[in-house]
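Single-letter residue listing:
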Amino acid sequence: MISKRIFSGDIYKEYQVFWKKNKRQDDFIEILGIISRFRHSSFDISIFNSFSGVTRESLFSINKLSENYFYKIGTVWQFFHNSFKDFLISETARNILTGEYDGNIDKDFHLKICEVLKSIDTDYKWNELYHLYKAGKFEAVVSLANQTYFRKQWFEFRNYKLINE
């Protein structure tokens, strides 16, 4: 089992065991839905403080989860494998009544991230364009993606490869 750092078998069955234990913890599931939608598999945990729905209890749960599902270097955590990130994206966007994946739930998570990005002053703020796109807010994408926006990134010394991306 992953919890014992021993694994043999189907990884998704291991994920399901975790999910069945925790799927009713709304605050915890909310933060899992958010972090699984961050653009990259690594993120700085200091961003948690910017989300209003994050409770102490959910932070304790995330910290416990991190022992087995994340690599940690200081305040930067990385999913131990992209399959877990994909699993969380899928599970946190399921309609509770139908059990089906609901694209609107997925989009809502991206919109929540966009709202936070407007008020933070970290390099992650430049992912607003990505999250607007994932939320299906194409008019906002076209409006934001202008020369001024990209030039500001350049003058703030953002890596040009990330700007081009």
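Just so it is clear, the structure is predicted and the values come from calculations on it, not from any experiment.

Criteria and thresholds
- Residues numbered from 1 in each chain as written.
- Predicted model: local features only at pLDDT ≥ 70, side-chain atom pairs only at ≥ 80, totals over all residues.
- Heavy atoms only, no water.
- Pairing = 2+ DSSP bridges.
- Helix = DSSP H or I, 4+ residues; strand = E, 2+ residues; numbered from the N terminus.
- Axes fitted to C-alpha atoms, helices over the stretch in contact; angles between N-to-C directions.
- Contact = heavy atoms within 4.5 Å.
- Core = buried A, V, L, I, M, F, W, Y, C linked by side-chain atoms within 4.5 Å.
- Buried < 20%, exposed > 50% of the residue type's maximum accessible area, 1.4 Å probe, protein only.
- Polar contact = N/O pair within 3.5 Å; in protein donor to acceptor, adjacent residues only side chain to side chain.
- Parallel < 35°, antiparallel > 145°, perpendicular 65-115°, else oblique.
- Nonpolar A, V, L, I, M, F, W, Y, C, P; charged D, E, K, R; others polar.
- Salt bridge = Lys/Arg side-chain N within 4 Å of Asp/Glu carboxyl O.

Sheet architecture is open: 3 strands sit in the order S1-S3-S2, paired in antiparallel fashion. The open sheet is flanked by strand S1 (42-44) and strand S2 (70-73), the only strands paired with a single partner. When the angles between neighbouring strand axes are averaged without regard to direction, this sheet yields 25 degrees. Sheet analysis places S1 next to strand S3 (residues 76-79), joined by 3 bridges and oriented antiparallel. Following the sheet pairing, Phe 43 is matched in S3 by Trp 77. Here helix H3 (residues 56-69) sits on the sheet in contact with S2 and S3, set at roughly 100 degrees to S2.

Of all hydrophobic cores here, the largest spans 31 residues; its most connected members are Phe 18, Leu 32, Ile 35, Phe 38 and Phe 84. Sorting the residues of this core by element identifies helix H1 (11-22), helix H2 (26-35), H3, S3, helix H4 (82-92) and helix H5 (103-117) as the ones contributing at least two each. When residues of this core are assigned to their parent elements, the largest contribution, 6 residues, is made by H2. With residues up to four places along the chain from it excluded, the contact list for Ile 35 reads Phe 43, Phe 48, Ile 62, Phe 70 and Phe 79. Of all hydrophobic cores here, the second largest spans 6 residues; its members include Cys 114, Trp 126, Leu 132 and Val 141.

This next bit is on the pairing of S3. Along S3, the buried face is formed by Trp 77 and Phe 79; none of Val 76 and Gln 78, which line the opposite face, is buried. Sheet analysis places S2 next to S3, joined by 4 bridges and oriented antiparallel. Paired with Ile 73 across the strands is Val 76, a residue of S3. Here S2 folds back onto S3, and the loop between the two strands holds 2 residues, one of which, Gly 74, carries a positive phi near 60 degrees.

Inspection of the secondary structure assignment puts Arg 94 in the loop between H4 and H5. On the basis of relative accessibility, which here comes to 30%, the residue Arg 94 falls in the partly exposed class. Sequence separation between Arg 94 and Trp 126 is 32 residues; the distance between their C-alpha atoms is 28 Å. Leaving out residues up to four positions away in the same chain, Arg 94 has contacts with Gly 99, Glu 100, Tyr 101 and Ile 105. Of note is the side chain of Arg 94, whose polar atom sits 3.0 Å from the backbone oxygen of Gly 99.

What follows concerns the packing of H2 against H5. At a minimum axis distance of 9 Å, the contact between H2 and H5 shows a crossing angle of 80 degrees. Here H2 is positioned roughly perpendicular relative to H5, judged by the angle of their axes. Note on element contacts: H5 touches H2 through Phe 109, Lys 112 and Ile 113, opposite Glu 30, Gly 33 and Ile 34. Each residue belonging to the contact of H2 with H5 can be placed in one class, and the counts come to 3 nonpolar, 1 polar and 2 charged.

Pairing of side chains with opposite charge becomes possible as their charged atoms draw close. One pass over the full model with this rule turns up 7 salt bridges. Between Lys 112 and Glu 30 there is a salt bridge, with its nearest N and O atoms 2.5 Å apart. One end of the pair, Lys 112, is in helix H5; the other, Glu 30, is in helix H2, with 82 residues separating them in the sequence. Arg 39 serves as the salt-bridge partner of Glu 165, at 2.7 Å between the closest nitrogen and oxygen. Taken together, the positions of Glu 165 in the segment after helix H9 (160-164) and Arg 39 in the loop between H2 and S1 put the pair 126 residues apart, joining distant regions of the chain. According to the relative accessible area criterion, Glu 165 is exposed, its value standing at 55%. Each of the salt bridges in this network shares a partner with another, and the network as a whole consists of Asp 121, Lys 125 and Glu 156.

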